[in-house]
Amino acid sequence: MQNKLPFSKYFVIGVMLFALFFGAGNLIFPASLGQQAGSNIWPAVAGFLVTGIGLPFLGILAMGVSGSKNLQELAGRVHPLYGVIFTALLYLTIGPFFAAPRTGAVAYDIGIAPFVSEGYGQIGLFVFTLLFFIVTMWFSLNPAKIVDNVGKILSPAIIVLLMVLLVMVFVKPIGAIEAPQEAYTHGAFMKGFMEGYNTMDALASLVFGIIVINAIRSMGVTSARGILVTSAKSGIVAVLFLGLIYVGIAYLGATTTGTFGLFDNGGPVLGKAASYYFGSLGTVMLSIVILLACLTTSIGLVTACGEYFHTLFPKISYKKFVLFFSTICFVIANFGLSNIINFSIPVLMFLYPLAVALMLLTFLSKLFRHSRLVYTAAIVVTFFISIIDGLKTFCDLFKIDYFGWMKAVMAFYDRALPLYNQGLGWLLPVLITILITGFIVRIGNFSGAGVKKKSEGTI
């Protein structure tokens, strides 16, 4: 048993973690942010990095601290049924409902759309996503090392290709940075903060954390402290790579608005930039790499969801789940990238606070003796605030009148909750709830019901 690894091992795990987080879909959000933020790009990017890389880093650490075998076990500290429901919702969100269909839509927008005539866009999307998710289904049903190998080759290829592109952007910008769009005129930091939710990486970190911990254990590190320190150092490697790419792509987006115009989403920005600097060859190279990257991500997401739901419902075969999820992905992908992003926002406004609250509870768990009372109270408070945030965002996006009862609740939250209008109204009430219930637990000498005792030396 060892508790310390050489830097090369931290680097290997960090790159693996980067590859897990980094999907081609992540490229579109900083590009769109750059276009929208304009001259307010730097505060917007700072906010984006907090949620885009900061929260995923905390998620990895939380899984390391928790000692749980998987997310369902960790969320089950609130209640076993909650553990199943929350985990299932998270898998569906980062899988067939949003993230997996988004891979097909992004692959089309960046890799295929530049070569398709305008009048055939919807037909092109239909044909492409049909083939894309047939291939996804085939590989998910027939797991092969080729997918892992392609993924290992693609991660460095994407980094190199992007770095070349981003160096060109800083050396020879496409155009001048223009004034921000209305949404980024004021409060650019908080707008960027909320945009970081779209990466879904904080949600994914609660799943990927176990993969990282298992990799660390396989290298001989088994102590609680050793796993936590190794997770932290490896996580820093991953988030540094992600952060550099996010900042560079956001700057790229900011320089393109005057030349290319403002796009509905960030999908076309990279393709246009590659064509601008390197001509048709650059567009083709970027298209191939992005298409393959999206495909390997899609296969991974469908496979993970199929495996998880097969464990929940063992009477339904893994193959049937893969067929079902691949079909759902194909249908949703044909709504188009902008619609997928718009529909995902209300769900993320609901799920993100619950995920972050669970992370906070995990870090503080020892202080309140792992009591289920604290876990349950904090999550209930978070739920009643985040569900209103999700409904409000849904109504705002699709221009639906608020329900009468919603107006009363929102008016109360607006008066009573600090940071409510910034999407963080849940934070202070949750911290107060943890403080009060934790104090009750300490005074009343409650036990840590619902959380299995661990030996002090290992996780």
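Sequence order sets the numbering: in each chain, residues are counted from 1 along the sequence as written. The predicted nature of this model means local features are confined to residues of pLDDT at least 70 and side-chain atom pairs, given and counted, to a pLDDT of 80 or more, with totals for whole chains, interfaces and linings taken over all residues. Excluded from the side-chain calculation are hydrogens and water; included are all heavy atoms of the structure.

### So, the overall build of the protein chain
Convention followed: Helix numbering and strand numbering both begin at the N terminus, where a helix is a DSSP run of H or I of at least 4 residues and a strand a DSSP run of E of at least 2. Radius of gyration means the value over C-alpha atoms here, while the globule rule gives 2.2 Å times the residue count to the 0.38 power. Throughout, exposure labels follow a simple rule: accessible area from a 1.4 Å probe, protein chains only, divided by the maximum for the residue type, with under 20% read as buried, over 50% as exposed, and the rest as partly exposed. Whether two residues are in contact is decided by their heavy atoms, any of which lying within 4.5 Å being enough. To be clear on the numbers: accessible area is Shrake-Rupley with a 1.4 Å probe, and residue cover counts the displayed protein chains and nothing else. This count recognises Lys and Arg as positive and Asp and Glu as negative, with His and chain-terminal groups excluded. For charged residues, the charge sits on one atom: NZ in Lys, CZ in Arg, CG in Asp, CD in Glu.
The secondary structure content of the protein chain amounts to 17 helices and zero strands. In terms of C-alpha radius of gyration, the protein chain reaches 22 Å, essentially the compact-globule figure of 23 Å for 459 residues. Principal-axis analysis of the C-alpha atoms gives the protein chain an extent of 70 × 55 × 45 Å. Here the protein chain, with 459 residues, has 52% of them falling under the buried criterion. Residue pairs at least 24 apart in sequence account for 81% of intrachain contacts in the protein chain once pairs closer than 6 positions are excluded. Summing over all exposed atoms, the protein chain offers an accessible surface of approximately 20300 Å²; the carbon and sulfur share of this is 70%. A distance of 17 Å separates the average location of the 27 positive side-chain charges in the protein chain from that of its 15 negative side-chain charges.

### Some remarks on the pattern of salt bridges
Short version of the rule: A pair is scored as a salt bridge if a Lys or Arg side-chain nitrogen falls within 4 Å of a carboxyl oxygen belonging to Asp or Glu.
Under the criterion given, the structure shown has two salt bridges. In this structure, glutamate 195 engages lysine 191 in a salt bridge whose closest nitrogen and oxygen atoms are separated by 3.7 Å. Placement of the pair is glutamate 195 and lysine 191 together in helix H9 (residues 188-195), with a separation of four residues, close to one helical turn. In this structure lysine 191 comes out as partly exposed when scored by relative accessible area, which is 29%. We note a salt bridge from lysine 392 to aspartate 396, for which the minimum N-O separation is 3.3 Å. Residue lysine 392 and its partner aspartate 396 are located together in helix H15 (residues 372-397), separated by four residues, close to a single helical turn. Using a relative accessible area of 26% as the deciding quantity, one classes lysine 392 as partly exposed.

### Description of the environment of glycine 95
With respect to the element layout, glycine 95 can be found in helix H5 (residues 80-97). Taking relative accessible area as the criterion, glycine 95 reaches 0% and is therefore assigned buried. For the pair glycine 95 and alanine 179, spaced 84 residues apart in sequence, the C-alpha to C-alpha distance is 36 Å.

### Details of unusual backbone geometry
Phi at methionine 200 takes a positive value of approximately 65°, unusual for a residue other than glycine. Within the element layout of this structure, methionine 200 appears in the loop between H9 and helix H10 (201-218). Backbone geometry at lysine 399 places phi at a positive 50°, although glycine is not the residue there. For lysine 399, a relative accessible area of 76% gives the class exposed.

### Details of the nonpolar core
Note the threshold: What we call a nonpolar core is a set of buried Ala, Val, Leu, Ile, Met, Phe, Trp, Tyr and Cys residues that are connected through their side-chain atoms within 4.5 Å.
Counting 141 residues, the largest nonpolar core has Phe86 and Leu252 as its most contacted members. Ranked by residue count, the leading element in this core is helix H12 (residues 267-312), at 17 residues.

### A word on H9
Taken together, the buried positions of H9 are Ala188, Gly192, Phe193, Met194 and Glu195. In the core, the buried residues of H9 are packed alongside helix H2 (28-37), helix H3 (41-66) and helix H14 (337-364).

### With respect to the packing of aromatic side chains
Filter applied, for reference: Stacked, tilted and edge-to-face pairs are distinguished by plane angle, under 30 degrees for stacked and over 60 for edge-to-face with tilted covering the rest, among Phe, Tyr and Trp rings (Trp via its six-membered ring) whose centres lie within 6.5 Å.
Counted according to the given criterion, the structure contains 33 aromatic pairs. Centroid distance phenylalanine 313 to phenylalanine 321: 6.5 Å. Interplanar angle 35°. Geometry classified as tilted. Taking the relative accessible area as the measure of exposure, phenylalanine 313 reaches 44% and is therefore partly exposed. With centroids separated by 6.4 Å and ring planes inclined at 5°, the aromatic side chains of phenylalanine 403 and tryptophan 405 adopt a geometry described as stacked. Exposure remark for phenylalanine 403: the relative accessible area of 45% places this residue in the partly exposed category.

### Points about the confidence of the model for the protein chain
Cut-off, in case you're wondering: Confidence scores per residue from the predictor, reported as pLDDT, run from 0 to 100.
Residue-level pLDDT values for the protein chain average 88, and 93% of them are 70 or greater. Below a pLDDT of 50 lies the segment residues 452-459, which in the model reaches 14 contacts outside its immediate sequence neighbourhood of four places, other chains included.

### Focus on the packing of H10 against H14
Quick reminder of the rule: Axis angles are defined between N-to-C directions and span 0 to 180 degrees, where every axis is a line fitted to C-alpha atoms and, for a helix, only to the segment in contact. Should an angle fall under 35 degrees it is called roughly parallel, over 145 degrees roughly antiparallel, and 65 to 115 degrees roughly perpendicular, with every other angle called oblique. The sense of a crossing depends on the near helix, which, turned anticlockwise from the far helix by less than a right angle, makes the crossing left-handed and, turned clockwise, makes it right-handed. Just so you know the grouping, Ala, Val, Leu, Ile, Met, Phe, Trp, Tyr, Cys and Pro go in nonpolar, Asp, Glu, Lys and Arg go in charged, and all remaining residues, Gly too, go in polar.
Two elements in contact, H10 and H14, have axes whose closest approach is 9 Å; the angle formed by their N-to-C orientations is 45°. Compared by their axis directions, H10 and H14 come out oblique. Every pair of crossing elements has a handedness; the one defined by H10 and H14 is left-handed. Across the interface between the two elements, Asp201, Ala202, Leu203, Ser205 and Leu206 of H10 pack against Leu348, Leu351, Tyr352, Ala355 and Met359 of H14. The residue makeup of the contact of H10 with H14, split by class, is eight nonpolar, one polar and one charged.

### Examining a nonpolar patch on the surface
Just so we agree on the cut-off: Like charges are joined within 9 Å and nonpolar side chains (Val, Leu, Ile, Met, Phe, Trp, Tyr) within 5 Å, but only among residues with over 30% relative accessible area and no salt bridge; these make up the patches.
Together, Tyr120, Ile123, Phe126, Val127, Leu130, Leu131 and Ile134 make up a nonpolar patch on the protein surface, roughly 670 Å² of accessible area in all. Inspection of the secondary structure assignment puts leucine 130 in helix H7 (residues 121-141). Residue class for leucine 130 comes out partly exposed when judged on its relative accessible area of 35%.

### Looking at H3
Stated precisely, the cut-off is as follows: Multiply 1.5 Å by the residue count of a helix minus one, and that product is the helix's expected span.
With 26 residues, H3 ought to run about 38 Å at 1.5 Å a step, and its terminal C-alpha atoms sit 36 Å apart, in line with that. Directly beyond the C-terminal end of H3, a positive phi value near 75° is found at glycine 67.

### Points about the side chain of threonine 51
Mapped onto the secondary structure, threonine 51 falls in helix H3. Beyond its immediate chain neighbours, meaning those up to four positions away, threonine 51 contacts Pro56, Gly192, Phe193, Gly196 and Tyr197.

### Things to note about the side chain of threonine 199
What counts, and what does not: Under the rule applied, a polar contact is a pair of N or O atoms within 3.5 Å (in protein, one hydrogen donor and one hydrogen acceptor; residues adjacent in sequence only if both atoms are side-chain atoms).
By the secondary structure assignment, threonine 199 is in the loop between H9 and H10. On the basis of relative accessibility, which here comes to 3%, the residue threonine 199 falls in the buried class. Within polar-contact distance, the side chain of threonine 199 engages the backbone oxygen of glycine 196 at 2.9 Å. Those residues in contact with threonine 199 that sit more than four places away from it in its chain are Asn26, Phe29, Phe48, Gly52, Arg102, Tyr246 and Tyr352.

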